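Understanding the architecture of this molecule
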Amino acid sequence: MAKLEEYIPIVGQSIIDDLRLLAKRLEGKVVQHINSTAVGGGVAEILTRAVPLLNELGLNTKWDVIKGGEQFFEVTKKFHNALHGRAEEISQRDFDIFMEASAENIKGVDTYGDIVFVHDPQPIALINKRAENKWLWRCHIDVSNPNQKVWKFLMDFIVKYDSAVFSAPSFSRRLPIRQFLISPSIDPLSDKNKELPQDLIDSVLKKYEIEKDKPIITQISRFDRLKDPVGVIQAYLQVKKYIDCQLILAGGSARDDPEGMQVLAEVKEKASKDKDIHILLLPQNDIEVNALQRGSDVIIQKSIREGFGLTVSEALWKAKPVVASNVGGIPLQIKHKYSGLLCHSIDGAAFAIKQLLNSPAYARKLGENGRENIRNNFLLTRHLKEYMLLFLSLYHPEDVVQL
Amino acid sequence: MAEIIKAKEVFRFHTRLHLTELTGLRAINLSQLVELIREVPGSSIYHHTHRFLQQHQYLSPEPPNDFAYWVSEILGEDELGERLSSIDTINYSTIRSLRDRIIATIEEYLRSNPLAKMKFAREGEEFYFIKSVSFILPTDYTANNLREFTDILKKVTIDSIYFHIFESRLRLEKNDNDFSNWIGNSVGNKSLAEKISKLDPYTHTLEGLRGNLVYMIERELSR
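Throughout, a residue's number is its position along its own chain's written sequence, starting from 1. Written order determines the labels here, with chains lettered from A and ligands numbered from 1. Given that the model is predicted, a residue must reach a pLDDT of at least 70 before its local features are reported, and side-chain atom pairs must reach 80 or more before they are shown or counted; all residues, however, enter totals for whole chains, interfaces and linings. In computing side-chain properties, one takes all heavy atoms of the structure into account and sets aside hydrogens as well as water.

Residue and element names in this part refer to chain A. Positive phi, close to 55 degrees, is recorded for Glu209, a residue that is not glycine. We count a stretch as a helix when DSSP gives it H or I for four or more residues in a row; a strand needs E for two or more, and each element gets its number in order from the N terminus. Secondary-structure assignment places Glu209 in the loop between helix H7 (198-207) and strand S7 (216-220). Residue classification places Glu209 among the exposed residues on the basis of a relative accessible area of 66%. Backbone geometry places Asp228, a non-glycine residue, at a positive phi of 50 degrees. Secondary-structure assignment places Asp228 in the loop between S7 and helix H8 (229-240). Relative accessibility thresholds used throughout: buried, under 20% of the residue-type maximum; exposed, over 50%; partly exposed, between the two (1.4 Å probe, protein chains only).

This is how it looks when you write it as structure tokens:
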């Protein structure tokens, strides 16, 4: 795992100094993160990297995981989908299962932290054992259009917390508690984002039989309708009429996801007649994803819905010009015409790709701006800083805090 | 070369780190926008007129404020967008007076362009009102004279420069920026202080501003 020192060449000494300054103000406090899994998923990924760094800063940071049986996690998966706005049948039995498992966790989990930081809905009911300590609830889900039944159920818990944290302004709603905007982040030193030598990038392209003789457009996403891979192919075909180019659609394996398999089959069918479309299944191969992004001329992210869209951050960090849908957290990362191009349709995406391929200097400028935007706003170091400010806000209710 | 004058008081550099607080308030058209601009706390007006400056400080100067950006890019009201982005923020010494100017600009525009009220943002593109919570911390850097001051200026974070130039003046309602105050009153160099006061910081990137300040002070020192 990377040490703080290793971030200095990327973000500068002063940013690390600021982190140390903040950690000092939290001396003596114990921060306890609680979520539902130690491995897998974005929350665990961020905590895996953030917890050791916070401890290195001198902030006593712990991480505990709740327990739950198969039924409990089936219910919380349903909640997750319903909060994302998908139609789900939620019965009273589901709520009962949730409460039974929560009661067990309330008994079993020691909430010893001065600050208890609860992630996502699974452990939300732990708030019922709050004592004199401070409690935070971090929502990592797009709740811009949630199922009302589930949201109302969760609200009974949310209002008991000191503050809530969301990833995008559109996810916020009027709440009787303070709510903060903290975006997720990428780690510039992880396999997915670290610098790669050109020969490694070339060898990955070669492995997948991708020639460098024509521009490469790439979307990295699992095969899911919400990522609109078929729309990406349609946009590519429109571009192809004018510019000879190739398309990479790369994402994780969809073997255990029946809908994903169907989407993959449709995508393959659409792509079958075009040898310049490369459909790649890359199960958890971060280095190869990194190489494909770096080897591309334009990155596209034509999602229909998006929580935050960290693949956009990853592409911008590599100074790639990006065309992405104006949904979820994407507009936070791309200011249209400043650090990338936003689109609302297949035609719009195609037009933007053509613009970028035909104007390399403009594309380069957008990519460079994009990289700086990520450096300033979406790297792990910013995330650590905001978490510490969030902890301090629990003890300072005012808008201007003199420390 | 001018003699190095010891300041009457030491200048301690501070830094300002901010956390973004959500209000849950959103506007879908110009009428709602102006109504909410009237109601929201000053820290929200401050956020939307200064956020771009800090978040996108690597971009070219003339950073638009969030209101101008939304009005132009989302509602397509370019003329109002231009009027809002050209509000001379440096002329306002309080958030209150800046807020009044923004409201007057939108209302004036709506009076002569009533059809603009009919434009609505699409779902997901509404204007979300946000607040800035500032945490101000002293750093270890102190200056006793202009030479030390400029050496430190070269290495402090842009957050520190931002605090002393923008936030201290407008949000803490001091009449001038901290640098001019110290150089004028404590170092006693009124003309340099005035030159820095006259700089319109809103038309520079923060790194550009740093470069300009260093240049002005070093030129003064080399006289």
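How big an interface is tends to be reported as the loss of accessible area on association of its parts. Residue and element names in this part refer to chain A. Source of the domain bounds: an automatic or database domain assignment. Here chain A is partitioned into domain 1 (4-185 + 379-393) and domain 2 (198-376). Just the C-alpha atoms count here: the centres of domain 1 and domain 2 sit 30 Å apart. Note on contacts: a residue pair qualifies if any of its non-hydrogen atoms lie within 4.5 Å across the two residues. Across the contact, 14 residues belong to domain 1 and 11 residues belong to domain 2. Accessible-area loss on putting two parts together, using a 1.4 Å probe and summing over both, is the definition of buried area adopted here. Of the roughly 1,000 Å² buried where domain 1 meets domain 2, counting both sides, 60% is carbon and sulfur surface. Definition used for salt bridges: Asp or Glu carboxyl oxygen within 4 Å of a side-chain nitrogen of Lys or Arg. Taken together, the links from domain 1 to domain 2 amount to one salt bridge. Between Arg305 and Asp142 there is a salt bridge, and its shortest N-O distance comes to 3.3 Å. Distance and chemistry together define a polar contact, namely a pair of N or O atoms within 3.5 Å, with one atom able to donate a hydrogen and the other to accept it when in protein, and with adjacent residues in sequence counting only for side-chain atoms on both sides. Counting every contact that joins domain 1 to domain 2 gives four residue pairs in polar contact (both at pLDDT 80 or more). Residues were grouped as follows: Ala, Val, Leu, Ile, Met, Phe, Trp, Tyr, Cys and Pro as nonpolar; Asp, Glu, Lys and Arg as charged; and all remaining residues, including Gly, as polar. Of the residues that constitute the side of domain 1 that touches domain 2, the class distribution is six nonpolar, six polar and two charged.

All names here are of chain A. By the convention used here, strands pair only if DSSP detects at least 2 bridges between them. The strand order across the open sheet built from six strands is S9-S8-S7-S10-S11-S12, with neighbouring strands paired in parallel fashion. A single partner strand is all that each edge strand has here, and the edge strands are strand S9 (277-281) and strand S12 (341-343). When strand polarity is set aside, the average angle formed by the axes of neighbouring strands in this sheet is 20 degrees. Judged from the five bridges that link them, S7 and strand S8 (residues 246-251) form a sheet pairing that is parallel. For helices, the fitted line uses only the C-alpha atoms of the stretch in contact; every axis is such a line through C-alpha atoms, and the angle between N-to-C directions lies from 0 to 180 degrees.

Our focus in this paragraph is the pattern of salt bridges. Opposite charge on two side chains lets them pair, provided their charged atoms get close. Residue and element names in this part refer to chain A. Inspection of every chain in the model, using the stated rule, returns 36 salt bridges over all chains. Of the charged contacts, one joins Glu100 and Arg93 as a salt bridge, the two residues approaching to 3.6 Å between their closest N and O atoms. Relative accessible area serves as the criterion here: at 47%, Glu100 is assigned to the partly exposed category. For Arg93, a relative accessible area of 43% translates into the label partly exposed.

Further remarks concern the interface of chain B and chain A. Opposite the 38 residues of chain B that make contact, chain A presents 38 residues. Run the count over chain B and chain A and you get two salt bridges. Of the charged contacts, one joins Glu21 of chain B and Arg178 of chain A as a salt bridge, the two residues approaching to 2.7 Å between their closest N and O atoms. Inspection of the region where chain B meets chain A yields 13 residue pairs in polar contact (both at pLDDT 80 or more). Contributing elements (two or more residues each) for the side of chain B that touches chain A: strand S1 (11-27), helix H2 (42-55), helix H3 (66-73) and strand S2 (127-143) of chain B. The biggest single contributor to the side of chain B that touches chain A is S1 of chain B, with 11 residues. Each residue belonging to the side of chain B that touches chain A can be placed in one class, and the counts come to 17 nonpolar, 12 polar and nine charged. In terms of strand pairing, strand S13 (residues 400-402) of chain A meets S2 of chain B through three bridges, oriented parallel.

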